[in-house]
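# Architecture and fold: a report
Each chain, written out:
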Amino acid sequence: TFIHDVQGSGSASTLVDQSVLVQAVVTAVLPDSNVFYIQEEDAETDGDKSTSEGVLVFNDSGAFSMPVVGDVVSVKGTVSEFFNRTQITLTSAPLVCGTATVSASNFTLPVASLDELESLEGMLVTSSAALTVTDNFTLGRFGQLTLSNGRLYNPTNIFTPGSAEAIALADSNSLNRLILDDGNDTSNPTGGLSADNTLRMGDTVSAVTGVVDYSFSEYRVIPTQAPTFAATNPRTSQPELTLGNLKVASLNVLNFFNTIDA
């Protein structure tokens with residue numbers, strides 16, 4: 001069975017609960033998560049941009065030996081939708097049949113529709129333009145950050161809540177973001193980034209190459225090559241403010257209503 005037939009052109013596979021035998025190239029291996037990604041060989045793709053040529057393979061409980069990137073493997077398993085992500089769960093050990101490489105698909109942000117990212121689920125991709133760090137809140141906790149084409153701002157920071165403009169900007173933002181994920185399921189990961197070597201919002205990454213995944217209701221890319229970041233938004237030595245253009249208001253409501261229980 002070809003991977004594009006497993007994935008299909010919709011948001012969910014039509015082969016759920018069926019056993020399939022797939023032969024494809026390993027593009028990424030995440031041993032800590034017991035998963036690896038495979039992609040159809042270039043000569044066997046269907047040429048349909050609405051169908052993905054890659055898929056995640058789940059090695060439940062690490063029951064079988066994992067292949068390595070570049071292996072051509074014959075994989076037998078059961079198709080499922082795991083929280084809206086198509087995957088194959090191994091029912092026997094993958095058989096290595098040789099080695100090969102596959103081409104990475106170019107992607108750009110924003111996308112016209114999330115269907116564009118769905119059609120890349122499980123595939124090896126590479127960005128064709130620099131991307132901006134627009135959110136780093138979960139970087140230290142989960143090894144994740146959000147990339148976009150230019151900075152994204154909370155719509156209600158600019159427009160009245162509930163207004164047509166705020167709703168339109170929220171919709172636009174949703175098409176211009178992708179999570180960069182380290183592929184590590186552990187909390188508080190350690191790595192090259194730290195308090196002394198961190199990323200600021202507004203910093204940029206020249207290129208991202210990795211596999212597209214979908215989890216926790218977000219499309220994300222797990223790098224297969226270390227991304228190179230540039231500190232394009234350095235911290236200023238002091239605030240750059242024009243006198244008179246700033247108003248500050250503060251109200252501590254935590255203790256304001258001290259009789260609310262009564």
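Just above, that's the structure.
Description of the structure in this document. What you see is a predicted model, and the numbers here were worked out from it, not measured in a lab. (Residues numbered from 1 in each chain as written. Predicted model: local features only at pLDDT ≥ 70, side-chain atom pairs only at ≥ 80, totals over all residues. Heavy atoms only, no water.)

Here the focus is the overall build of the protein chain. Scanning the protein chain for helices and strands turns up five helices and 15 strands. Reported as C-alpha extents along the three principal axes, the dimensions of the protein chain are approximately 70 × 50 × 35 Å. Relative to its full complement of 262 residues, the protein chain shows a buried share of 38%. Pairs at least 24 apart in sequence give 66% of the contacts found in the protein chain among residues at least 6 apart. Of the accessible surface of the protein chain, which amounts to about 15000 Å², a share of 53% is contributed by carbon and sulfur atoms. (Helix = DSSP H or I, 4+ residues; strand = E, 2+ residues; numbered from the N terminus. Buried < 20%, exposed > 50% of the residue type's maximum accessible area, 1.4 Å probe, protein only. Contact = heavy atoms within 4.5 Å. Areas by Shrake-Rupley, 256 points an atom, 1.4 Å probe, with all protein chains shown as cover.)

We now examine the pattern of salt bridges. The full count for this structure, using the stated rule, is three salt bridges. The shortest N-O distance in the salt bridge between Asp213 and Arg85 comes to 3.2 Å. Here Arg85 lies in strand β5 (residues 85-90) and Asp213 lies in strand β13 (residues 209-215), a separation of 128 residues in the sequence. Residue Asp213 is classed as buried on the basis of its relative accessible area of 6%. (Salt bridge = Lys/Arg side-chain N within 4 Å of Asp/Glu carboxyl O.)

For the rest of this paragraph, the subject is the environment of Val211. In this structure, Val211 sits in strand β13. Classification of Val211 by relative accessible area gives buried; the value is 0%. The spatial distance from the C-alpha of Val211 to the C-alpha of Ala28 is 7.2 Å, given a sequence separation of 183 residues. The residues touching Val211, leaving out its near neighbours within four places in the chain, are Thr27, Ala28, Tyr37, Met123, Leu124, Arg220, Val221, Ile222 and Thr224.

Strands belonging to one sheet form pairs held by backbone hydrogen bonds; the direction of such a pair is parallel or antiparallel. Spatially, β7-β8-β13-β14-β11-β10-β9-β12-β15 is the arrangement adopted by the nine strands of the open sheet, whose pairing is mixed. Of all the strands in the sheet, just β7 (105-107) and β15 (229-230) have a single pairing partner and so form its edges. Where strand β11 (residues 178-181) lies against strand β14 (residues 218-223), two bridges are found, and the strand directions are parallel. Looking across to β14, one finds that Leu180 is bridged to Val221. (Pairing = 2+ DSSP bridges.)

Okay, a nonpolar patch on the surface next. Taken together, the side chains of Leu251, Val253, Phe256, Phe257 and Ile260 define a hydrophobic patch exposed on the protein surface, amounting to about 590 Å² of accessible area. Classification of Val253 by relative accessible area gives partly exposed; the value is 47%. (Patch = residues over 30% accessible without salt bridge, like charges linked within 9 Å, V, L, I, M, F, W, Y side chains within 5 Å.)

With respect to the secondary-structure elements, Thr101 resides in the loop between β6 (95-99) and β7. Separated by 32 residues in sequence, Thr101 and Val133 place their C-alpha atoms 30 Å apart.

With that out of the way, let us pick up the nonpolar core. Membership of the largest hydrophobic core comes to 21 residues, with the highest contact counts inside it found for Phe107, Leu131, Leu145, Leu147, Leu178 and Val208. Those elements that place two or more of their residues in this core are β9 (131-135), β10 (144-148), β11, β13 and β14. In this view, Val208 contacts Phe107, Val125, Thr126, Ser127, Leu131, Leu147, Leu180 and Val221; residues no more than four positions away in its chain are not counted. Leu15, Ile38, Val75 and Ile88 belong to the second largest nonpolar core, which has 16 residues in total. (Core = buried A, V, L, I, M, F, W, Y, C linked by side-chain atoms within 4.5 Å.)

Scanning the model with the defined rule gives two aromatic pairs in all. Note on Phe82 and Phe83: the rings are 5.0 Å apart at their centroids and 90° apart in plane angle, and the pair reads as edge-to-face. Take Phe83: its relative accessible area is 67%, and that puts it in the exposed class. (Phe/Tyr/Trp six-rings, centres within 6.5 Å; stacked < 30°, edge-to-face > 60°.)

Here the focus is the environment of Ala226. Relative to the helices and strands, Ala226 is located in the loop between β14 and β15. Spatially, the C-alpha atom of Ala226 lies 19 Å from that of Asn188, the residues being 38 residues apart in sequence.

This part takes up unusual backbone geometry. Note on backbone geometry: most residues besides glycine have negative phi, and most peptide bonds are trans. Between Leu109 and Pro110 the backbone carries a cis peptide bond, its omega angle lying at 0°. Note on placement: Pro110 falls in the loop between β7 and α2 (115-118). A positive phi angle is found at Asp17, which is not glycine, with a value near 75°. Inspection of the secondary structure assignment puts Asp17 in the loop between α1 (3-7) and β1 (19-30). A relative accessible area of 65% means that Asp17 is categorised as exposed. Even without being a glycine, Phe83 presents a positive backbone phi close to 50°. Of note, Phe83 is situated in the loop between β4 (71-82) and β5.

Functional significance is not addressed by these values, which are geometric in nature.
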